[in-house]
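Overview (structure and organization)
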Amino acid sequence: MPAECVLHTRRLIVRLPRLEDAPAIAAFHRSDEAHMREFGPTTAAEKATEFWEGWIPQIRDDFYAGVSCKTFLYEPDDRTVFGAATLSSILRGRFHACFLGYNIAATHEGRGLMREGLQALIAFAFEELNLHRIMANYMPRNERSGRLLQRLGFVVEGTARQYLWINGVWEDHVMTSLTNPAWRAPGLPNLSGL
Ligand SMILES: CC(C)(COP(=O)(O)OP(=O)(O)OC[C@H]1O[C@@H](n2cnc3c(N)ncnc32)[C@H](O)[C@@H]1OP(=O)(O)O)[C@@H](O)C(=O)NCCC(=O)NCCS
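A brief look at the structure comes next. (Residues numbered from 1 in each chain as written. Predicted model: local features only at pLDDT ≥ 70, side-chain atom pairs only at ≥ 80, totals over all residues.)

For the protein, the count of helices and strands is five helices and eight strands. Over its C-alpha atoms the protein spans a radius of gyration of 17 Å, differing by no more than 12% from the 16 Å that the globule rule assigns to 194 residues. With respect to the principal axes defined by its C-alpha atoms, the protein has extents near 60 × 40 × 35 Å. A total of 194 residues make up the protein; the buried ones form 28% of that total. Intrachain contacts of the protein at a sequence separation of at least 6 include 59% that bridge at least 24 residues. (Helix = DSSP H or I, 4+ residues; strand = E, 2+ residues; numbered from the N terminus. Rg over C-alpha atoms; globule rule 2.2 N^0.38 Å. Buried ≥ 20, exposed ≤ 12 C-beta atoms within 10 Å, placed from the backbone. Contact = placed C-beta atoms within 7 Å.)

Right, dumping it as structure tokens:
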């Protein structure tokens with residue numbers, strides 16, 4: 001794995017959280033709770049700074065272990081958090097794939113900021129992590145999410161019935177994926193010296 005994930009785009013920064021970000025991340029979850037209610041409800045824990053102080057070291061360990069890459073979207077001041085984007089469940093073997101999840105504050109929606117952030121994160125996933133497939137799934141009525149994925153080049157692969165338990169209901173999801181045309185097959189093991 002690369003040593004860090006810090007991606008600068010024209011209007012924002014996408015990066016792994018640092019311990020000192022815990023208050024800003026908790027504040028983002030508190031202020032955006034109403035906006036997140038329908039498609040990915042905020043948990044009580046996520047609204048507390050202490051929760052993030054406990055979890056951020058694990059987020060960073062999971063990145064170093066190659067298991068996930070959980071990032072947040074920051075204003076150019078590198079302190080104010082207004083969104084999240086996660087590459088989760090990174091699997092290697094014959095798969096080299098992960099899931100993508102994301103959300104942006106209502107105050108920042110509709111400006112192309114999530115698209116800009118995800119373009120950078122996807123480039124990181126393909127070029128630096130050498131992943132072959134990114135999978136992203138959304139509820140059919142989440143049209144904003146569908147449009148975002150379509151603009152990023154994700155292809156619809158079908159519908160997963162009763163896929164996620166959200167607000168007390170098993171919600172169907174549209175399944176999409178993006179594949180890496182420049183994926184590099186891992187080299188043969190180095191047998192020199194044997
Ligand atoms: C899904 C979600 C991330 C989409 O955010 P978004 O801001 O609409 O996404 P984008 O960054 O692609 O912005 C695109 C919009 O900005 C507009 N826009 C304005 N300026 C723009 C610019 N400079 N560049 C690109 N788009 C711009 C586009 O026209 C587009 O609007 P439209 O969809 O009404 O046509 C957001 O709605 C969200 O967080 N929802 C709640 C959580 C959620 O649903 N998560 C996903 C679960 S699957």
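Let's pick the thread back up.
Here the focus is the sheet that holds strand 8 (residues 169-179). The strand order 1-2-3-4-5-6-8-7 describes an open sheet built from eight strands, whose pairing is mixed. The sheet terminates laterally at strand 1 (6-8) and strand 7 (155-166), the two strands that pair on one side only. The average undirected angle you get between the axes of adjacent strands in this sheet is 25 degrees. In this sheet, strand 5 (residues 97-104) lies alongside strand 4 (residues 81-91) in antiparallel orientation, the contact comprising seven bridges. Bridge pairing in strand 5 places S88 opposite F99. Taken strand by strand, helix 4 (residues 113-128) contacts strand 1, strand 2 (13-15), strand 3 (69-74), strand 4, strand 5, strand 6 (133-138) and strand 8, and its axis lies near 30 degrees from that of strand 4. (Pairing = 2+ DSSP bridges. Axes fitted to C-alpha atoms, helices over the stretch in contact; angles between N-to-C directions.)

Time to look at the environment of I13. In this structure, I13 sits in strand 2. Note: C-alpha distance between I13 and A120 (107 residues apart in sequence) is 9.4 Å. Other than its neighbours up to four places away in sequence, I13 contacts V6, L7, H8, Y74, P76 and D78.

Moving on to the site of the ligand. If you check the shell around the ligand, you find 19 residues, and the closest are F39, G112, M114, R115 and Y138. At the level of elements, strand 5, helix 4 and helix 5 (143-152) are the ones that each hand at least two residues to the shell around the ligand. Examining the composition of the shell around the ligand, we find that four residues originate from one element, helix 5, more than from any other. For the shell around the ligand, a count of residues per class yields eight nonpolar, six polar and five charged. (Near = placed C-beta within 6 Å. Nonpolar A, V, L, I, M, F, W, Y, C, P; charged D, E, K, R; others polar.)

Moving on: unusual backbone geometry. Although it is not a glycine, D78 adopts a positive phi angle of roughly 70 degrees. Structurally, D78 can be placed in the loop between strand 3 and strand 4. Taking the C-beta count within 10 Å as the criterion, D78 has 13 such neighbours and is therefore assigned partly exposed. The residue N167 is not glycine, and still its phi comes out positive at about 50 degrees. Mapping N167 onto the fold places it in the loop between strand 7 and strand 8.

This paragraph deals with the nonpolar core. Residues L73, C98, L121, A125, L131 and I134 are the most contacted members of the largest nonpolar core, which totals 41 residues. Breaking this core down by element, the ones donating at least two residues are helix 1 (22-31), helix 3 (49-64), strand 3, strand 4, strand 5, helix 4, strand 6 and strand 8. Sorting elements by how many residues they give to this core places helix 4 first, with eight residues. Setting aside residues no more than four positions away along its own chain, L131 makes contact with I90, H96, A97, C98, A125, F126 and N180. (Core = buried A, V, L, I, M, F, W, Y, C linked by C-beta atoms within 7 Å.)

In the case of a regular strand, side chains alternate between the two sheet surfaces. Direction of pairing for strand 6 relative to strand 8: antiparallel, over a ladder of six bridges. Note that in strand 8 the partner of I134 across the bridge is L178. Two strands pair when backbone bridges link them, and strand 7 and strand 8 are joined in this way by eight bridges, in the antiparallel orientation. For G158, the partnering residue across the bridge sits in strand 8 and is M175. In this antiparallel pair of consecutive strands, strand 7 and strand 8, the connection spans two residues, and N167 shows a positive phi of 50 degrees.

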